[in-house]
Every structure is written in structure tokens, then in C-alpha cells.
There are 2 protein chains.
Amino acid sequence: MVPVLDEAVERISSLPGIGERSALRLALWMLRQPKENIKLLGNAILDLVEQVKYCSECNMISEHDKCPICQDLRRDKSTICVVESIRDVMSIEQTGEYNGVYHLLGGVISPIDGIGPDDLSIPKLVERASDDQVKEVILAISKGMEGETTSYYINKVLSPTGVKVSAIARGVGFGDDLEYTDPMTLGMSIKNRVNFNR
Amino acid sequence: MVPVLDEAVERISSLPGIGERSALRLALWMLRQPKENIKLLGNAILDLVEQVKYCSECNMISEHDKCPICQDLRRDKSTICVVESIRDVMSIEQTGEYNGVYHLLGGVISPIDGIGPDDLSIPKLVERASDDQVKEVILAISKGMEGETTSYYINKVLSPTGVKVSAIARGVGFGDDLEYTDPMTLGMSIKNRVNFNR
């Protein structure tokens, strides 16, 4: 009925999980807000897609050629943690336990979806790991068949570089009850048990 | 970590029903889409708040001084349907049963929220209804105490104009079972029964 409203509803409903009714509700809500707030929202979305680049080193999102982590002189460049996505980096950063750098694959090897090693910046990882400075590559890739295949493949292509390849520990979560832990996880946490007094 | 992403997440999470986690998910989803699509979204939001005006006659949203309904020469200007919001207009328009014009209150009288008749463009409604051309005002305002108060008040202030004041019928929904209809609604549909053979 009102073209600018129709256009806004159509665009908002293109977002995942937002149907046409919710989109209309959001658009009408926007009209009831101070105009400045909604302009900030619109501009934030435009800035996001216009200004975000990808780090030439690790593929993390960045506003510059290199991301803040790769640029940070205090980060340990001898250790590269291989993850699938931006969110994985955010999760690991939140722990405060990791001081190395990252390498984002952007996914896992998936023949069904036509995703091969070259689509996942694995050649670039090999190139980075070939630098004498790099001592260890930590695989923090999801379990499951595709993730395992990817880890296996990376381990194989990294072997000529002589770099140490490790994988994050899998086990019973902090504070989780054994009785509610799935057998695969519990089995792994027994197999990979660590010395109590270390 | 990346200021443009943080800004986008903050702005998106200001939307109703969207928390910070969902906002991050939406922002990362946007980064995976073709840039053009997301620019269309951002611009649609900016256009919405920058180009939408309110009809000087009925308060409906519009891109011009008068809304398409008030401008439409085929609409019957002798009948004004009083509703609370834009969505009510959209719902009634969808039925295809109404050919008159509207008057949007923008809410209902609510002393608790400090909303009085003057906040609801009721004086403007009286002015419109005073035009000799106008024969009937249909109240399509929600039930409940505040809605009833508003209807009662409008009926009172319109009486000097001599215009006919009616209210939409309340009753059992089309296709609804009597056993699942609340007693208030069922009672109204008996009290307001209509001649079967008309």
C-alpha cells in the first residue's frame, strides 16, 4: 500500500527466521522510534557490508588488511589455531586461554556441497605453517564426519612442514554430570585423561 | 573486536525480540550474503524512516501529504472507519469489504499512560465528521476497558455533529466452534443476532 513500507518489509523478511508478519511488525516498530536511532541501524548495516574486509593472513574479519589479532605484537605467532568460523574465534578469545594466532577455514571439507581443500584456504595454511617461526598448529575443528575428514586432511598436508599438529581436548564439560554426558564424550575424556598432579 | 561488527550487533540487538546472540548471528549472516542484497536492506530501512509521512487527513502512513486511500476518488468519503493503528487499516483493507475512508487514532485513551483525547487526534476526527459530506463513523476499536472508554468518548463528542455512529459487529468467528468461543463473544453474537433471511 505504501511502497517504502512494502520494500522495507520485503527486505527485512529476507533475514533468516523472520517471516513477513514479523517483518511488518519490525517495520512499524521502526516508524514509532526516534528517527535517529533507526538511521543508526540502517547505517550500521551499510557500514558492516561496505567496510568489512578479511585479514590477508588468517581470513578473520577486519577493517584493515590485517586483523587486530595478526597485527598484535604481543600475540604468539608460533602457534596457529585452525577454526571454521568467525564465531569460533570469538568463543576462543572469550576464554582468555589462547595467545596465539588463528587460521579461519570458512567451513569444512564437504564433497556433497562441492567444498574441497582449495575452497577452505588450506593451501594458505600450509604456506603459513611452512614459516620457520611456526611451531604448532592446533586443530579446533568440529567433530563429525566432515570435520574429522578436514582435520585428517590438514594433518596430512602439514606433515612435510614438520610442524607439530595438535587438536583441542574433548571431554566432559566443566560442571557437567557424568550421567548426562554422551558416551562418545565420556569415552574420550577417559582415553585422554591427564595427570592429576601435573 | 571489529568496531563495525560491534556497532552492527549493538544496533540490530536494539530491535524488539532480538538479543545480542541473535544479532551477532544476523550480522555474520549478512556478511555471507551478496553485498548488494544487504545494501538494499540497509537502504530500505533508511528510506522507510526518511520518506514516510503521515496523511494530513487520516494519519495513515503515506509517502505524500495525503495517503492513497484519502486520495482515491473511488473511495466513499461519507463513511469514516475509526481504528487504532496502521495494522488495523491493513487488516480491514485485506477483507475487501470496506470502501470508505479511515481515521487513525494512534492508540486508545489511557489515563495511566497519560494518553488523552487530544493525543489521539480525536479533535481532528470531530472536525472531519462535521463536514456535511460525512454520514457515518464506524468505530473499529478494540474491546477492553480503554478501548470501550475511547469508543464511548468518541460517540459523545460526535453527537453534536449529528453523524451516525456505528461499531463493528463482535461475534463467533467464521468457522469457529461454539464450544471453543469465549462466553463474552458468544453472548454478544446472540445479543446482536441478525435476520437469517435478510
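All figures in this text were calculated on a predicted structure; none of them were measured in a lab.

### Points about the overall build of chain A
Working step 1: A count of helices and strands for chain A gives eight helices and six strands.
Working step 2: Here the C-alpha radius of gyration of chain A, 22 Å, is well above what a compact globule of 198 residues would show, namely 16 Å.
Working step 3: For chain A, the C-alpha atoms occupy an extent of roughly 65 × 45 × 35 Å along the three principal directions.
Working step 4: Evaluated residue by residue, chain A yields a buried proportion of 27% over its 198 residues.
Working step 5: A fraction of 47% describes how many contacts in chain A between residues 6 or more apart in sequence connect residues 24 or more apart.

### Topic: the packing of helix α1 (residues 3–12) of chain A against helix α2 (residues 20–32) of chain A
Residues and elements named next belong to chain A.
Working step 1: Relative orientation of the contacting elements α1 and α2 amounts to 125°, with a least axis distance of 8 Å. As far as their axial angle goes, α2 and α1 are oblique. Seen along the crossing, α1 lies across α2 with a hand that is right-handed. Contact residues: Leu5, Ala8, Val9 and Ile12 in α1; Glu20, Ala23, Leu24, Leu26 and Ala27 in α2.
Working step 2: Its residues assigned to classes, the contact of α1 with α2 comprises eight nonpolar, no polar and one charged.

### Examining the environment of glutamate 146 of chain A
Working step 1: Within the secondary structure layout, glutamate 146 of chain A lies in helix α7 (residues 145–158).
Working step 2: Residues glutamate 146 of chain A and aspartate 118 of chain A, spaced 28 residues apart in sequence, show a C-alpha to C-alpha distance of 15 Å.

### Quick notes on unusual backbone geometry
All names here are of chain A.
Working step 1: Not every positive phi belongs to a glycine, and asparagine 59 is a case in point at roughly 75°.
Working step 2: Tracing the chain through its elements places asparagine 59 in the loop between β1 (53–54) and β2 (61–62).
Working step 3: By the C-beta count within 10 Å, which is 22 here, asparagine 59 ends up buried.

### Brief notes about the relation of the copies chain B and chain A
Working step 1: With an axial shift of 0.1 Å and an RMSD of 0.1 Å, the rotation relating chain B to chain A amounts to 180°. A rotation of that kind, with that shift, is consistent with a two-fold axis. Taking C-alpha positions as the reference, the residue of chain B nearest the rotation axis is glycine 42 of chain B, at 2.3 Å.
Working step 2: Taken together, the interface assignments show that 100% of the residues at the interface of chain B recur at the interface of chain A, consistent with an identical surface on both copies.

### Side note on the sheet that holds strand β4 (residues 100–104) of chain B
Residues and elements named next belong to chain B.
Working step 1: If you walk across this open sheet you meet the four strands as β4-β3-β5-β6, and the pairing is parallel. The sheet is open, and its two edges are formed by β4 and β6 (164–167), each paired on a single side. Between one strand axis and the next, the sheet turns by 25° as a mean value, whatever way the strands run.
Working step 2: Inspection of the sheet shows strand β3 (residues 76–83) paired to strand β5 (residues 136–139) by four bridges, in the parallel sense. Its bridge partner being in β5, cysteine 81 is matched across the sheet by isoleucine 138.

### Quick word on the domain arrangement of chain A
Working step 1: Taken as a whole, chain A is organised into domain 1 (3–51) and domain 2 (61–167).
Working step 2: Between domain 1 of chain A and domain 2 of chain A, the C-alpha centre-to-centre distance is 35 Å.

### Thoughts on the interface of chain B and chain A
Working step 1: Contacts between chain B and chain A engage 40 residues on the former and 40 residues on the latter.
Working step 2: Those elements that place two or more of their residues in the side of chain B that touches chain A are α1 (3–12), α2 (20–32), α3 (35–51), β2 (61–62) and α5 (86–95) of chain B.
Working step 3: In terms of residue count, α3 of chain B provides more of the side of chain B that touches chain A than any other element does, 14 residues in total.

### Some words on the confidence of the model for chain A
Working step 1: Mean pLDDT over chain A: 90, with 99% of residues reaching 70 or higher.
Working step 2: Taken element by element, the predicted model of chain A shows its lowest mean pLDDT in helix α8 (residues 183–191) of chain A (82) and its highest in strand β4 (residues 100–104) of chain A (96).

### Structural notes on the pairing of strand β3 (residues 76–83) of chain A
Working step 1: Two strands pair when backbone bridges link them, and β3 of chain A and β4 of chain A are joined in this way by five bridges, in the parallel orientation. Residue pairing across strands places valine 83 of chain A opposite leucine 104 of chain A, the latter belonging to β4 of chain A.

### Here we look at the sheet that holds strand β6 (residues 164–167) of chain A
Residue and element names in this part refer to chain A.
Working step 1: Pairing within the open sheet is parallel, and its four strands lie in the order β4-β3-β5-β6. The open sheet is flanked by β4 and β6, the only strands paired with a single partner. This sheet shows a mean twist of 25° between the axes of neighbouring strands, independent of strand direction.
Working step 2: Sheet strands in contact with helix α6 (residues 122–129) are β3, β4 and β5 (136–139), and its direction is about 160° off that of β3.

### Topic: the packing of helix α6 (residues 122–129) of chain B against helix α7 (residues 145–158) of chain B
Residue and element names in this part refer to chain B.
Working step 1: Contact geometry for α6 and α7: axes closest at 10 Å, N-to-C directions at 40°. When the axis of α6 is compared with that of α7, the two are oblique. Handedness of the α6/α7 crossing: right-handed. Residue-level inspection shows Ile122, Leu125, Val126 and Ala129 of α6 in contact with α7, the latter providing Ile154, Val157 and Leu158.
Working step 2: Counted by class, the contact of α6 with α7 contains seven nonpolar, no polar and no charged residues.

### A few points about the environment of leucine 139 of chain A
Residue and element names in this part refer to chain A.
Working step 1: Along the chain, the position of leucine 139 falls in strand β5.
Working step 2: Judged by the 19 C-beta atoms lying within 10 Å of it, leucine 139 is partly exposed.
Working step 3: Each C-alpha atom, one on leucine 139 and one on alanine 169, is 9.9 Å from the other, the two residues being 30 residues apart in sequence.
Working step 4: Beyond its immediate stretch of four places on either side in the chain, leucine 139 contacts Val82, Ser151, Ile154, Val165 and Ala167.

Conventions we followed
- Residues numbered from 1 in each chain as written.
- Chains lettered and ligands numbered in written order.
- Predicted model: local features only at pLDDT ≥ 70, side-chain atom pairs only at ≥ 80, totals over all residues.
- Helix = DSSP H or I, 4+ residues; strand = E, 2+ residues; numbered from the N terminus.
- Rg over C-alpha atoms; globule rule 2.2 N^0.38 Å.
- Buried ≥ 20, exposed ≤ 12 C-beta atoms within 10 Å, placed from the backbone.
- Contact = placed C-beta atoms within 7 Å.
- Axes fitted to C-alpha atoms, helices over the stretch in contact; angles between N-to-C directions.
- Parallel < 35°, antiparallel > 145°, perpendicular 65-115°, else oblique.
- Left-handed = near helix turned anticlockwise from the far one by under 90°.
- Nonpolar A, V, L, I, M, F, W, Y, C, P; charged D, E, K, R; others polar.
- Least-squares fit on C-alpha atoms with pLDDT ≥ 70 in both.
- Pairing = 2+ DSSP bridges.
- Domains from an automatic or database assignment.
- pLDDT = per-residue confidence, 0-100.

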